[in-house]
Structure formats: C-alpha cells, structure tokens
Amino acid sequence: MFKFRSNAAALQSSSAVTADRNTPFIRLRDVRKVRQTAVGDLVTLKDINLDFYRGTFVGIVGKSGAGKSTLINVLSGVTDVTSGEVWLGETAVHKLSESNRALWRGTNLGVVYQSFQLLPNLTLLENVMLPMDFCGRFKPKESREKAMHLLDQVEIADHAHKIPSRISGGQQQRAAIARALANDPPVLVADEPTGNLDSVTAETIFELFHKLIDDGRTIIMVTHDRHLAERTQHRLRISDGAITENSHPIGHNPHA
Amino acid sequence: MRPRYRKVIADLWDNKARTALVVASITIGVFAVGMISTAYLVLPEAMNRGFVAASPVNIKVATMPFGDDLIKSVSRIPGVGAAEGRQTVEVRITKADGSLENIELIATKDTGMHEININNLIEGKQVPDDNELLMWRDGMQTLGFSLGDIVTLELEDGTIRKMPIVGVVDDLTHDNATMRQPRGYITLDTVEWLQFEPIYNNMWVTVDRDTDDGNYIASVSAEVQSKIENSGRPVFFVREFTSAVHPMASIAQAVLGILSILGLLIVFLSGSLIANTLNSLITQHTRQIGVMKLIGARTQQITAIYLIEILAFSAMALAISIPLGAIAGYELSKVLSTEINVILPDRGAVPLMPLVVALQVFVGLAVPLGVGIFPIRRGAGITVEDAVTGGGKAANKESKSWFDRTMEKIKAFQGPMVIALRNTFRAKGRLALTLFTLALGGGIFIAVFNVRIALHGKVDEITGYFAADVNLDFDRNYRTEEIEQFAKQIPGVDYIEGWSITLGDIHVEGQQATKEVIMFAPPADSRLIEPVLIAGRWVRPGDQRAIALNEAYLSVNPDAKPGDQIQISVNGKEKTWTIVGIYQFTGLPEVFGYTTYETLSSEINSKFHASSYRIATQDHSLAFQQDLSAQIDAHFQKNGFLVKEAQAGGEFRETMTEQMDTIIWLLLVMALLTAVVGSIGLAGTLSMNILERTREIGVLRAIGGYNSIVVRLVMIEGLIIGLISFLLAAAVSFPISTVLSNVITIAIFKSPADFTLSPNGFLIWSLLVAILTTVASLVPARNAAQLTIREVLSYE
Ligand SMILES: Nc1ncnc2c1ncn2[C@@H]1O[C@H](COP(=O)(O)OP(=O)(O)OP(=O)(O)O)[C@@H](O)[C@H]1O
Ligand SMILES: [Mg+2]
C-alpha cells in the first residue's frame, strides 16, 4: 500500500522499521549517464531500469570501469543523471537541488565508501555525530548517546575518543558505517566497503550488514568479492554501463 | 559542543602554522590601522589643545621701556584679549660641556603666573624666586643640564652670576622648531641682578577672538601700535601670529597622512596574504567539504563553518593587535611629539580609544571576511562528486594552461629546473598575490632608503645658506677690517665675511598688515652661501636695492616674480626695492631676504661695519668647528670685543638631520611592517605549495627520487619566486620613491624632491629576500623530505 507524502515530508526519513515490503522503494527509470572525456562522450550508464525493495540486500558486481560506482552515485544523488529518473520513496532525487539533495541524503541515505572518508581531525564519536548535527534531527545530548550506541553496535565504542589515524582500517570502516547509520536512514549504499579489508574483518562487516537488513534496512553494495555477492538477496551484474544479470528484474519482489 | 564547532577548533589547532600565518597576516594590518589612527587621534589633538591652552601671543611689539599704566591702557583697546609686558635679555651661559652659548631670558612681573604664553610645568616649581632660573625643556637638552643644576651666566662686562635651575617648563607656543635657541624664565628682580634695567621693553598682546584671522590680528595690532606711539614711545618692531592651530600642525598632519597611506597599503597587502592562505585552506579542505556534503551538510552550513573559522582568526588577531596598536600608536605619537614640541598626556591617560578599536574591529573583520568569502563560496559550492573523486574538472583545466604548454616547449631547461618552474607557476592566483605583496612591500622598503637620501639632499640644499663653519656675532657693530685682522690671527681660520643683518617690513599691496622680512646682506661676492633659486637670479655686485626673497613670500603675495618693485621699510625709511629672484628656503613661514652688504650697510648707515660674521675654516668637521668656535670666542673676548656668540655652523645641520631622521625612522617602521607582510607572504606561499604537494613528493620518492632532489626542487622554486619578486620590487620602488619623496618634502619644505637613488635599500631588500627564501623553503622542504612514504600517501 502506498503512503502519499508531500515533497517536504520526503526530506524526512521514513522509519526503517515500518517498511513497506511490497512496493518497490527505490526505482530507476531509463537512467542514462554520459560523461565528457578527453576522447569524446562516454556512456557510463545505459538506460538502466531497476526496482529495489525495502529490507533487501542488493549486491552489485562487475569489472573495473563497468559503471558500478556510477550507478551507486546516481542512486545517492552524488552524481547527476544525464536523463531518466531516480525515485526513493516519493522523492524525485533527480529533481532535487544540490543543497536539498545533501539534506535529503543526510537523512535518507547512509553512504560508505572504500576509503573511509572520515574527517581526520575529529574523533570517531564526533564523526558519527556530524550527520546528526548537519541535519538537526536530534538534540546534541541525544545525538551523543545515539552515536555512542552506534559505535557500540559496530563494536568500536572503546575507540570513540580517538581520531581516525589512530585506529586500524577495519575499525575506521566500522566507524564510517556507524556514521552512515547516524540519522537512521532506511537505505545504506556502500561502494566496495570491504575492498581494503582482510577477509576476516570483511566477514564481520558483512555480518553487521545482515543485522541491518533484519532491522528492515535496504543495503545496496558494490563488491568485487564474488563470495560475498553470492550471499546477497538481489544480485546485479553490470558491464559497460548496462545491466547484464539481474536476479530480480522489475516486477520481481525478492520478498515474494 | 556540536561537532561542527569541534571541527572549527580542530582546524585551527591542528594546523598551527597556518593559523599563525592567517592570524599574523590579519594582525599586521589591524596593528597598522590601530597604530596610525591612535597617533592621528592623539597627536594633532594634543598639539592644538596644548597650544591653544597656552594662550599664545598674537602680537609682539618691541618699544622703549614702559610700565603698568601702558599695559593697562593697551588692555582696554577693543579687540585686545590680554596685554602683558616682557623684558627679554640675552646673556651667555656656560654649557654642561664647558662651551658657551647664548640664552634668551624672559622676565615679567609675575613670571610663572602670567596669562600669555603660559608655561607648562614639567618638573620642579612653576614660579621662580629671585635669582632662580626656570628653563625651557628643549634648552635643557641642548645645554646638557638637569633640574637642580647651578648654571653660570656671563654678563656683558664679564661679571659671573650663578643661578640654580628650579623648574623645567615647556613653552608650547615656541614655534620656531628648526632654530631653537635656549630659553629661560626669570623674575624682574633677577633682571636687575643681571645688570639690566628691570622694566618692560616688549608688549605681548592676545586678541579676543578670531585668533586664526591674520587681518583681524593686524587691525588690533595697528590700534596697539598707535596707542604705544601716542604714549611717546617709538615702535621698534612688531610681529604678529595666528594662534588657533599649532604652527607645526600641518607638518604633523602631512607626516601622519603619509603614514596612513602606507598603513592602507599594509592593510591591502595583509588582505592579499589572508586571501592566499584562505584559498589554500579551502583547497586543502576540498575532500573534507565533499565528505560533509555527502553526509548531509548543505552549502550554507559549510559556508558558515568556514566563516566561523575566519571569525576565529579575526578574533585572535584583534586580541593581539588592539592592545599592541594602541601602545605603538602612543609611542609613535611620542616620537613625533618631542620633535614638534608637544606634550602628550601620559600613557595611562590614553586608554583604548573607542573609535580606534571600532576601526580595528571593522578592518579586522571586513578584510578577512571580504577576501575569504570568495574561496569559501568556491569551496562550499563544490559538488560531492568533484570533491570526493578528486575534482576532475579543475585539474584538467589547469594542466592545459598556456603556461604549461609554453613550459613544455622550452627545451632549454632540464630536469629538476623544469619541474620546479612548473610547480612555481602552478598555483597562479596565489603566486600572483604573493608576488604582488612582495613587490609592493619590497618597493616601499627600498623607497624608504631613497626618500632618506632625498630628505638629506634637502637638508644639504638648506645648509647651503648656512655654509659658514663658524658664525660669530657681536653685541654691537665693529669695523669689518678690524675683525678680519683679529680673526686671521687664529690658526685654522681660512677667511671671514662681515654680514649685515636687519629687520624690514614689506608693504604688501592691498593688505593692511606689513610682512616682516629678515634681511641678510653678505658681501656681494660671498663664498659662504649657495642658494637654490626658483625664479630669477641671486643678488650681484653693483645691484641697487635688489633683493632675493624666499618661497615664503609667495604665500604673502602669490603673484610675486622677479622684476617686481616692492616697498620695504628699513631703519624707519620706506624705499622701493626690486625683487631679482625667488629662492627655495626651508619651508618656514618667515620671509627672508638677501641683498648685498654694500646696499644694506648704506641703508642702515653702517658702512664698513658689521655685528655678524661668517668664518670659513680649513677643516669642516663639526668637531673642528666647535673647537675653533671656542677659540675664536676666547680670542675676541680677550681683546675686548663684546662677543655675543660663536657657534659651529654644523650644529644647525645636525639639528635638521636629526629631525629628518625622525621621519625616516617612522617610515622605516612602516617599511619593516611591509617587509614582515612580504616575508609572511613568501614563507606562506612556499610552505603552502609544499604542503599541497606532500603527496606528490611522496610519490617522487616512492619512484626513487632522493631527498636531495626533493629539497633542491623546493629551493629552486623558492629562489625563482624570490628573484622575480625582487625584480618587481626594484621596478616599483622607482615610482614609489618619487611619490613618497615628493609628498614628504613638499609637506616639510614646500618644494619637491630631486630624484635620488640609494643602493642600500636594494641591497638590504635583496639580502632579506635571499635569507627569507632560503629559510621559508628549506624548512617545509626538509619536513616534506622527512615524511615516510606511508605518511605521505595517507596525507590529506
Ligand atoms: N569523473 C569521471 N570523469 C570521467 N569519466 C569517469 C569519471 N568517473 C568515472 N568515469 C568513467 O566512467 C566509467 C565507469 O566508471 P565507474 O567508476 O563507475 O567504474 P566502476 O565499475 O566503479 O569501476 P571500479 O571497479 O574500478 O571501481 C569508467 O569508464 C570511468 O573511466
Ligand atoms: Mg568503483
């Protein structure tokens, strides 16, 4: 069943727990991305059509340069589409202005990259508090408690008051995940989150993701690791900017 | 605390060098503003307040002895504010170093309590008792005395009198700052003790209103004179003065004006430094900005964060520069004030002035925010994609610039040189700003040394009128031949000229007031005067009542030109004289005229006689002059001549040079400030360039570049910037020197400067740049070279 919301309300996060699992939550329609390069135009996404449902774990694989990051970035509003539409719930992401997109992303989407992207001179705790600060959804005291709780969840609460360069790569990645979850977003996009980690650490991150899925979150993850990809519910392969394999094309709900 | 503010603090704290750089840049500008505006508010105010409060005399009339009845009737003349009698005598005083000097002693019935030319007590007592001496502050320094000293006076008949100095006062009305004769104050009874008649011979009068209106003063003066003449006394001479503003106020204003212009330049330079550093800060933070946007920060929030950082820089700079500026401003005023005879209120009585602080706060906020808003807007507007993926667009654009293409074509440069050159010109905006700062700062620095030479040149010109080695004055006329004979007996005396000197009154057409002219008459073939003519010629042998007047006459009659006939009263007889030339003198407002001895001595009926002599000696050093002056003095006294004074000619030059050096000193302070700005700019640019390239340096080393190569690269880069900046500074120093010299010499001497060049400025600046460049590039280069590859590659 649809819940109609105004555009302003679309900027607010929908609670992950009250997930509607029967309607596609994220929809890409005829998404095309053309980049200008020195040797001419390069079509990096070719008319992509995709549906993602709440509470699913999406895995994206493909060769280097295939367009995986581009797809993820189009989803998160980091990259503009050349044409086509990107919907998240009732929000037309492709129509949001730069600033509104930042606010929207801050509240609706957690983003995790391969290199950890923490602010180098803030402690982990402060890094995790930062999205809450920018989006203003929690009182300072509340956000502190929440950030501690998140760090606890990713099992690095002990390091809360250290700066990123004083902890290991895996710990930094967990901090980045904690930060991505700060505003309670229904969706987490991750671009090779385990790419820099050893297999044991990667496994713990992967388990963490599964817990988040169980909470009703949607996770869209790019990975090079075939074994990890095989353990996702909704698998995609992309080559040369086109979807070449899709375990759940439009109309196929992985929950069904 | 909210994490975004934590970030602000962390940014300021973690990069202390950068914080110091920005804060120093802001501080210098705000400091200059504070220093100069404090001086601007303190000094002219103190000058005029002190001057007006002293109730300066407007009319001085010298006449025959008179008493209280005449004072009473003069004071009843409409327009007269106050009238007082003065007795002025001159005696010889033995200086602390044993030499003799003339001192002017002023007496009145209630010395110390009088109402005209009120003295300002500095130490000791305000009112002298009989046989006690009150000294003018400046005379104390010249004579080498301090409070409580017993001075020895020599009277006309050789009698010796000893008096204690019981008080030191400042006569704020004493306007003639370039030729300071020591002055003291005594009671009328003391006058008698010094073997003069205890009566008045000078009438001092103030007017009741319009103290700045020369015509009003002249009209009151005419009434006063006729009142005195009606009492049966002849008027010997009259001098009139306006008294609304300090006579040196215009010069002080001019000097402060120049300092203000330099101050503005410094603010400007500091602004460009701030722009540079903030630009680099934003560039370094591009990735961080991208991350913040990625996690939900809007453009305004990012903008706000960096604006707050700027405000924090400003706040730190203001905390330093407000108190420092106030102190320096006061000290600056102090230096200027002693040169122009002004008493400043105590340091404690000059608290932070709200206007100055407001101006500083304004400059300290407006300049950094004004120049910072551009990089901030650029940085805050960057898209997440550009920031996180390394900003493809900007990098592409830059790598294809005309410069790089040209550089690629130049094959003459090899290896590190090419890389260094390319690096130097990579951040073009920053380089341009740095070069601009350094060029202007260096230009000003170099110019100050040229201005110094120009000012000394002016002093040289003026001392051309005082070319004699010894000036010998007697209390009465003697036959010139006789004096010549006695002078020739003293070894070291080369030759001697007798000069006629008298006062005349020029009747300016269409004006009621006459203008006093001090007339000098050297022999027509005098070898002891080198005039600088503006128009016409100098007086010649055979001239009949010809006169050359100084530039001050032009302010009396702007149309005056050679060939004009003017009426001058000399010795009570008004005759027609011809102006043959206008010459450049000191810029003082007094009118000085030169005619020939032959003309003037016959006008005043003293042919073959003179009381004033100019002597040339074989050695022209000041020490020799002073030594010989003492010998000449003694020799003539021994032979029964009434010597008034024998003074070394070089002393005048020394006083003037000292005054010029005060101005030079002030300019040098400004030059140093600009040098500091320039240095910070250079150091900042070099270290920023290196910081931004730390990663690149790491890569260079990872692929086998040695530390020495890295260091050499950075050094070459620094030297290139240093060299270019020096060439630019040398180039701009020419126009700056010209403008600065002219503005200053016109303010002080009322005439433009000759262009002069001193190698000193160029040399010192080139040395400074060389040292700075080396230090500013070596330190960051070594730091970069010492980083481990791992550190470098993880460097954000
Ligand atoms: N900023 C950019 N400007 C121009 N072309 C780009 C840019 N970013 C990516 N591309 C190009 O778009 C194509 C897709 O790139 P993308 O980063 O999406 O690949 P990917 O699948 O994530 O590869 P990898 O596994 O190596 O990360 C590539 O051909 C790449 O060269
Ligand atoms: Mg990728």
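A brief look at the structure comes next. (Residues numbered from 1 in each chain as written. Chains lettered and ligands numbered in written order. Predicted model: local features only at pLDDT ≥ 70, side-chain atom pairs only at ≥ 80, totals over all residues. Heavy atoms only, no water.)

Next up on the list: a nonpolar patch on the surface. Residue and element names in this part refer to chain B. A grouping of Met 1, Tyr 5, Ile 9, Trp 13 and Ile 308 is seen on the molecular surface, where their side chains present a nonpolar patch of about 520 Å² in accessible area. With three residues, the top contributor of residues to the nonpolar patch is helix α1 (residues 3-14). Within the element layout of this structure, Met 1 appears in the segment before α1. What makes Met 1 exposed here is its relative accessible area of 60%. (Patch = residues over 30% accessible without salt bridge, like charges linked within 9 Å, V, L, I, M, F, W, Y side chains within 5 Å. Areas by Shrake-Rupley, 256 points an atom, 1.4 Å probe, with all protein chains shown as cover. Salt bridge = Lys/Arg side-chain N within 4 Å of Asp/Glu carboxyl O. Helix = DSSP H or I, 4+ residues; strand = E, 2+ residues; numbered from the N terminus. Buried < 20%, exposed > 50% of the residue type's maximum accessible area, 1.4 Å probe, protein only.)

Quick look at unusual backbone geometry now. All names here are of chain B. Its identity is not glycine, yet Asp 210 carries a phi of approximately 45 degrees, on the positive side. For Asp 210, a relative accessible area of 34% gives the class partly exposed. Despite not being glycine, Phe 608 shows a phi value in the positive range, around 65 degrees. Position of Phe 608 relative to the elements: it lies in the loop between α18 (597-603) and β19 (609-617).

Interfaces are often sized by the accessible area lost when the parts come together. Of the residues lining the interface, 25 residues belong to chain A; the matching set on chain B comes to 27 residues. Buried area between chain A and chain B, summed over both chains or domains, comes out near 2600 Å², and the portion from carbon and sulfur atoms is 58%. It is Asn 121, Asp 133 and Phe 134 of chain A that lose the most area in chain A upon contact with chain B, and together they represent 27% of the buried surface on that side. Where chain A touches chain B, the interface holds five salt bridges. The interface formed by chain A and chain B includes 13 residue pairs in polar contact (both at pLDDT 80 or more). Those elements giving two or more residues to the side of chain A that touches chain B turn out to be α3 (98-108) and α4 (124-135) of chain A. With seven residues, the single largest contributor to the side of chain A that touches chain B is α4 of chain A. (Contact = heavy atoms within 4.5 Å. Buried area = accessible area lost by both parts, 1.4 Å probe. Polar contact = N/O pair within 3.5 Å; in protein donor to acceptor, adjacent residues only side chain to side chain.)

Bringing the pattern of salt bridges into the picture now. Inspection of every chain in the model, using the stated rule, returns 35 salt bridges over all chains. When the shortest N-O distance is used, the salt bridge between Lys 293 of chain B and Glu 98 of chain A registers 2.8 Å. Pair noted here: Lys 293 of chain B is in helix α8 (residues 286-294) and Glu 98 of chain A is in helix α3, and the two residues belong to different chains. Residue Lys 293 of chain B is classed as buried on the basis of its relative accessible area, which comes to 1%. The partner of Arg 231 of chain A in a salt bridge is Glu 203 of chain A, and the shortest N-O contact between them spans 2.7 Å. In this pair, Arg 231 of chain A sits in the loop between α8 (226-230) and β9 (234-239) while Glu 203 of chain A sits in helix α7 (residues 199-214), placing the two residues 28 residues apart along the sequence. What makes Glu 203 of chain A partly exposed here is its relative accessible area of 26%. Taken together, the salt bridges that share partners define one network made up of Lys 146, Asp 184, Asp 215 and Arg 217 of chain A.

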